[in-house]
Structures are given as structure tokens and as C-alpha cells.
Amino acid sequence: ALIITDECINCDVCEPECPNKAIYMGQEIYEINPDLCTECVGHYGEPQCQIVCPVECIPHDPSHVESPEQLEVKYQALKASG
Ligand code: SF4
Ligand code: SF4
């Protein structure tokens with residue numbers, strides 16, 4: 001999964017781009033639910049939030065490192081659960 005750092009300026013552009021609805025407004029800044037973020041696997045070739053973020057504050061989350069295979073499994077599970 002990816003993570004939004006405290007450099008986020010709450011510009012709102014990433015939230016609607018997420019195909020998994022993993023991005024939400026947290027207490028102070030936007031946050032990513034790691035259970036829903038497939039790093040856009042299954043939808044796009046690149047993480048859409050990273051592409052649109054104007055301050056590049058969405059790196060990989062070191063506490064949620066996943067292989068392409070694991071991300072594909074997560075995508076399939078999310079798809080099956082609707
Ligand atoms: Fe959503 Fe893709 Fe960003 Fe993950 S990488 S939060 S799935 S837009
Ligand atoms: Fe924050 Fe970047 Fe999302 Fe804008 S695009 S709300 S700066 S994480």
C-alpha cells in the first residue's frame with residue numbers, strides 16, 4: 001500500500017482518482033486505508049494518486065510492503081467482495 005505523509009496540503013485531487021476508494025479525509029490530512037489500496041493493481045499501470053499529487057507526498061508505506069502477486073490477490077478479493 002501507499003501512505004500519505006504529513007506534507008499533504010489537503011488539495012483534494014487524489015481522493016476522487018482512487019479506483020478502490022481507499023483515500024479518505026482523516027483528522028488533519030488525507031489518509032489511505034491500506035486494506036483497500038492495491039497500488040492501483042487491477043485498474044491502472046501506475047498509482048493514480050501518486051501521479052496527481054502536486055506535492056509528491058504519497059510514497060510506498062514501509063509498514064505495508066506488498067509484492068505484485070499479493071496486490072493482485074488483494075484486488076481479486078476486493079472485486080469479489082464488491
Ligand atoms: Fe488508491 Fe491507487 Fe492510490 Fe492506492 S495507489 S490509494 S489504490 S489511487
Ligand atoms: Fe494530499 Fe497529495 Fe492527496 Fe493533495 S493529492 S490531498 S496533497 S495526498
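Scroll up to find the structure this text is about.
Notes on the structure follow.

Cut-offs and rules
Residues numbered from 1 in each chain as written. Chains lettered and ligands numbered in written order. Predicted model: local features only at pLDDT ≥ 70, side-chain atom pairs only at ≥ 80, totals over all residues. Helix = DSSP H or I, 4+ residues; strand = E, 2+ residues; numbered from the N terminus. Rg over C-alpha atoms; globule rule 2.2 N^0.38 Å. Buried ≥ 20, exposed ≤ 12 C-beta atoms within 10 Å, placed from the backbone. Contact = placed C-beta atoms within 7 Å. Core = buried A, V, L, I, M, F, W, Y, C linked by C-beta atoms within 7 Å. Near = placed C-beta within 6 Å. Nonpolar A, V, L, I, M, F, W, Y, C, P; charged D, E, K, R; others polar.

1. Looking at the overall build of the protein
And step 1. Tallying secondary structure elements over the protein gives 2 helices and 2 strands in all.
And step 2. Since a compact globule built from 82 residues should have a radius of gyration of about 12 Å, the 12 Å found for the protein is in line with a globular shape.
And step 3. A principal-axis box enclosing the C-alpha atoms of the protein has dimensions of 35 × 25 × 25 Å.
And step 4. A buried classification covers 24% of the 82 residues belonging to the protein.
And step 5. Taking contacts inside the protein between residues at least 6 apart in sequence as the whole, the part at least 24 apart equals 67%.

2. A word on the nonpolar core
And step 1. With 13 residues, the main nonpolar core has Leu2, Cys14, Ile23, Ile32 and Cys49 as its most contacted residues.
And step 2. Contacts of isoleucine 23, omitting those with residues within four sequence positions, involve Cys14, Glu15, Cys18, Tyr30, Ile32 and Cys49.

3. Some points on the environment of alanine 77
And step 1. Within the fold, alanine 77 resides in helix α2 (residues 68-80).
And step 2. Separated by 54 residues in sequence, alanine 77 and isoleucine 23 place their C-alpha atoms 18 Å apart.

4. As for the site of ligand 2
And step 1. Taken together, 14 residues are adjacent to ligand 2, and Cys8, Cys11, Cys14, Tyr30 and Cys53 come closest.
And step 2. Of the residues that constitute the shell around ligand 2, the class distribution is 12 nonpolar, 1 polar and 1 charged.

5. A word on the environment of methionine 25
And step 1. By the element assignment, methionine 25 lies in strand β1 (residues 23-25).
And step 2. Sequence separation between methionine 25 and asparagine 10 is 15 residues; the distance between their C-alpha atoms is 8.4 Å.

6. A word on the site of ligand 1
And step 1. Taken together, 14 residues sit near ligand 1, with Cys18, Cys37, Cys40, Pro47 and Cys49 positioned nearest.
And step 2. Grouping the constituent residues of the shell around ligand 1 by class yields 9 nonpolar, 3 polar and 2 charged.

7. Thoughts on unusual backbone geometry
And step 1. Positive phi values are uncommon outside glycine, yet asparagine 10 reaches one of about 55°.
And step 2. For asparagine 10, the location among the structural elements is in the segment before β1.
And step 3. On the basis of neighbour counts, which here come to 11 C-beta atoms within 10 Å, the residue asparagine 10 falls in the exposed class.
And step 4. One non-glycine residue, cysteine 40, lies in the positive phi region at around 75°.
And step 5. For cysteine 40, a count of 22 C-beta atoms within 10 Å gives the class buried.

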